[in-house]
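# Topology and contacts: notes
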Amino acid sequence: MKTITLINGDGIGPEISEAVVKIIDKAGLEINWDIQTAGADVAEAEGSPLPDRVINSIKKNKIALKAPVTTPIGKGFRSVNVQLRKDLELYANLRPCKNFEGIKTPFQNVDLVVVRENTEDLYAGIERMVDKDTAESIKIITRKASERIADFAFKYAVNNNRNEVCAVSKANIMKFSDGLFLECCRKISEKYPNIQYKEILVDNLCMQLVQKPEKFDVLVLPNLYGDIVSDLTAGLTGGLGLARGANIGENCAVFEPVHGSAPDIKGQNKANPSALLLSAVEMLKYIGEKDYADKIELALLKTLKESKILTADLGGFASTSDFTNEIIKNL
Ligand code: NAI
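What counts and how
Residues numbered from 1 in each chain as written. Predicted model: local features only at pLDDT ≥ 70, side-chain atom pairs only at ≥ 80, totals over all residues. Heavy atoms only, no water. Phe/Tyr/Trp six-rings, centres within 6.5 Å; stacked < 30°, edge-to-face > 60°. Helix = DSSP H or I, 4+ residues; strand = E, 2+ residues; numbered from the N terminus. Buried < 20%, exposed > 50% of the residue type's maximum accessible area, 1.4 Å probe, protein only. Lys NZ or Arg CZ within 6 Å of the ring centre and 35° of its normal. Near = heavy atom within 4 Å. Polar contact = N/O pair within 3.5 Å; in protein donor to acceptor, adjacent residues only side chain to side chain. Areas by Shrake-Rupley, 256 points an atom, 1.4 Å probe, with all protein chains shown as cover. Nonpolar A, V, L, I, M, F, W, Y, C, P; charged D, E, K, R; others polar. Pairing = 2+ DSSP bridges. Axes fitted to C-alpha atoms, helices over the stretch in contact; angles between N-to-C directions. Core = buried A, V, L, I, M, F, W, Y, C linked by side-chain atoms within 4.5 Å. Domains from an automatic or database assignment. Contact = heavy atoms within 4.5 Å. Buried area = accessible area lost by both parts, 1.4 Å probe. Expected span 1.5 Å × (residues − 1).

## A short note on the packing of aromatic side chains
- All told, the structure shown has 4 aromatic pairs when counted by the stated rule.
- An angle of 85° between the planes, with centres 6.0 Å apart, marks the rings of Tyr 91 and Phe 152 as edge-to-face. Of this pair, Tyr 91 sits in the loop between α4 (80-87) and β4 (92-98) while Phe 152 sits in helix α5 (residues 143-159); the two residues are 61 residues apart in sequence, bridging distant segments of the chain.
- Classification of Tyr 91 as buried rests on a relative accessible area of 9%.
- The interplanar angle of 15° and the centroid separation of 5.1 Å between the aromatic rings of Phe 154 and Tyr 192 together place this pair among those described as stacked. Taken as a pair, Phe 154 in helix α5 and Tyr 192 in the loop between α6 (177-189) and β9 (196-201) lie far apart in primary sequence, 38 residues in all.
- Relative accessible area serves as the criterion here: at 12%, Tyr 192 is assigned to the buried category.
- Among the aromatic side chains, those forming a connected cluster through ring pairs are Phe 154, Tyr 192 and Tyr 197.
- Geometry around Tyr 123 places Arg 116 over its ring, the cationic atom sitting 5.3 Å from the centre.

## Considering the site of the ligand
- The environment of the ligand is made up of 21 residues, and the closest members are Val 69, Thr 71, Gly 260, Ala 262 and Asp 264.
- Here a nitrogen atom of the ligand and a side-chain polar atom of His 259 are 3.2 Å apart.
- Here an oxygen atom of the ligand sits 3.0 Å away from a polar atom, N or O, in the main chain of Ser 261.
- Coverage of the ligand by the protein chains reaches 70% of its 820 Å² of free accessible surface.
- Partitioned by chemical class, the residues of the shell around the ligand number 9 nonpolar, 7 polar and 5 charged.

## A few points about the sheet that holds strand β10 (residues 218-221)
- The strand order across the open sheet built from 10 strands is β2-β1-β3-β12-β11-β4-β5-β10-β8-β9, with neighbouring strands paired in mixed fashion. Taken across any chain shown, the strands that pair with only one partner, and hence form the sheet edges, are β2 (31-36) and β9. Averaged over all adjacent pairs, the angle separating strand axes in this sheet is 25°, with direction ignored.
- Across 3 bridges, strand β11 (residues 246-248) lies against strand β12 (residues 253-255) in antiparallel orientation.

## Details of the nonpolar core
- In terms of nonpolar packing, the biggest core is built from 65 residues, with Leu 65, Val 115, Val 220 and Leu 304 touching the most fellow members.
- Taken domain by domain, this core gets at least three of its residues from each of domain 1 (1-96 + 241-331) and domain 2 (106-236).
- Cys 97, Cys 166, Leu 219 and Leu 236 belong to the second largest nonpolar core, which has 17 residues in total.

## Considering the side chain of Thr 5
- Tracing the chain through its elements places Thr 5 in strand β1 (residues 2-7).
- Side-chain polar atoms of Thr 5 contact the side chain of Ser 57, separated by 2.7 Å.
- Those residues in contact with Thr 5, other than ones at most four positions away along the chain, are Asp 34, Gln 36, Ser 57, Ile 58, Asn 61, Ile 63, Ala 64 and Leu 65.

## A closer look at the domain arrangement of the protein
- On domain assignment, one finds that the protein holds domain 1 (1-96 + 241-331) and domain 2 (106-236).
- Look at where the C-alpha atoms of domain 1 and domain 2 centre, and you get two points 24 Å apart.
- Taken residue by residue, the interface counts 16 residues in domain 1 and 20 residues in domain 2.
- Buried surface at the junction of domain 1 and domain 2, both sides included, amounts to about 1,500 Å², of which 56% is carbon and sulfur.
- Contact with domain 2 buries area across many residues of domain 1, yet Tyr 91, Leu 94 and Arg 95 alone supply 41% of it, more than any other trio.

## Here's the deal with the environment of Leu 84
- Positionally, Leu 84 belongs in helix α4.
- Sequence separation between Leu 84 and Ala 167 is 83 residues, and the spatial gap between their C-alpha atoms is 25 Å.
- If we skip the residues at most four places from it in the chain, Leu 84 touches Ile 7, Leu 50, Ile 55, Ile 58, Lys 66, Leu 90 and Val 254.

## A word on α6
- Taking 1.5 Å per residue as the helical rise, α6 with its 13 residues ought to reach 18 Å, and the 19 Å between its terminal C-alpha atoms agrees with that figure.
- Listed as buried for α6 are Ser 177, Asp 178, Leu 180, Phe 181, Leu 182, Cys 184, Cys 185, Ile 188 and Ser 189.
- Buried positions along α6 lie against α5, β8 (164-169), β9, β10 and α8 (223-236).

## Remarks on the side chain of Ser 79
- With respect to the secondary-structure elements, Ser 79 resides in the loop between β3 (63-66) and α4.
- Within polar-contact distance, the side chain of Ser 79 engages the backbone nitrogen of Asn 81 at 3.1 Å.
- Polar side-chain contacts of Ser 79 include one of 3.1 Å to the backbone nitrogen of Val 82.

## As for the pairing of β3
- Side chains Ile 63 and Leu 65 project from β3 onto one buried face, and the interleaved Ala 64 and Lys 66 project onto a second face that is buried too.
- Pairing of β1 with β3, which is carried by 3 bridges, proceeds in the parallel orientation. Bridging across to β3, Ile 7 finds its partner in Lys 66.

Written out as structure tokens, the structure is:
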């Protein structure tokens with residue numbers, strides 16, 4: 001039986017994790033979940049929000065499913081999510097985005113993938129107060145990380161029958177940092193003559209994404225733009241409740257939804273477990289359990305298409321538990 005680390009997170013994390021574990025179990029796949037807690041409560045009890053045992057568990061099992069973990073805003077500990085990606089060198093953040101039948105949005109035929117660099121940029125956490133009225137954050141872009149993420153994006157395009165990779169930057173303003181990112185993407189693009197290569201400025205991209213999102217295929221972005229743009233693309237196809245994600249490195253992979261811990265609906269049995277479930281589907285494909293992945297994804301797609309039992313974020317009235325049971329019924 002496969003052992004997989006499960007970080008069940010906080011906020012809505014435990015509710016959606018319980019739902020996903022139940023669905024996988026009912027689909028007939030036995031997994032030995034190595035449950036690891038992280039976050040604010042753990043910081044209080046163990047002195048760190050991300051103790052070594054969590055990192056060691058993922059290093060040992062190679063694969064983790066992760067529910068969201070709250071990060072204090074403007075103060076307190078550094079993001080567990082950012083730290084985890086850094087410690088495990090999970091350099092590629094993959095966020096596919098496609099329309100779902102039954103989920104009405106202003107756009108049709110959206111089928112794009114956000115490939116976000118996951119280890120540097122303004123997320124390097126190099127910040128200080130220069131004096132009491134001036135703050136400074138340093139944006140780090142390296143050749144190594146930029147070439148690595150560009151190569152990942154092109155390989156992904158080749159392996160997934162995609163036609164185009166578009167590099168996103170603000171290199172007109174940040175000529176050195178974003179300029180280096182673009183230079184690396186251009187260089188890597190030469191290795192992949194069968195994939196079209198394009199470049200776009202991030203502000204223009206945002207405007208075009210909310211007018212003609214069907215024009216885009218694979219987008220490769222530095223960390224911060226990738227974070228923001230992937231929430232935008234999640235909104236194009238039904239919102240955060242449906243947006244899957246994966247953090248991939250050379251040695252390990254952590255699958256997690258795009259959304260956060262949604263403290264506004266915590267503990268109310270209202271959260272949509274689909275984004276975590278779809279992240280788990282990607283995880284199952286990654287570990288070679290394609291049949292179970294397809295079975296679970298089809299049950300979810302059927303539930304969405306029928307649109308009888310949907311959670312509130314999708315315009316319905318169902319609780320997390322009712323929605324989960326409907327997916328199980330559709331397995
Ligand atoms: P959020 O994604 O938690 O919530 C934004 C809005 O979307 C809220 O109205 C929420 O109710 C709704 N929402 C999100 N997921 C949902 C779901 N599955 N079902 C139904 N509604 C859902 O973003 P927010 O409020 O900015 O962040 C809350 C906390 O989460 C912060 O501490 C943030 O740092 C953390 N966070 C953690 C992430 C992670 O663990 N990877 C990623 C993003 C944020």
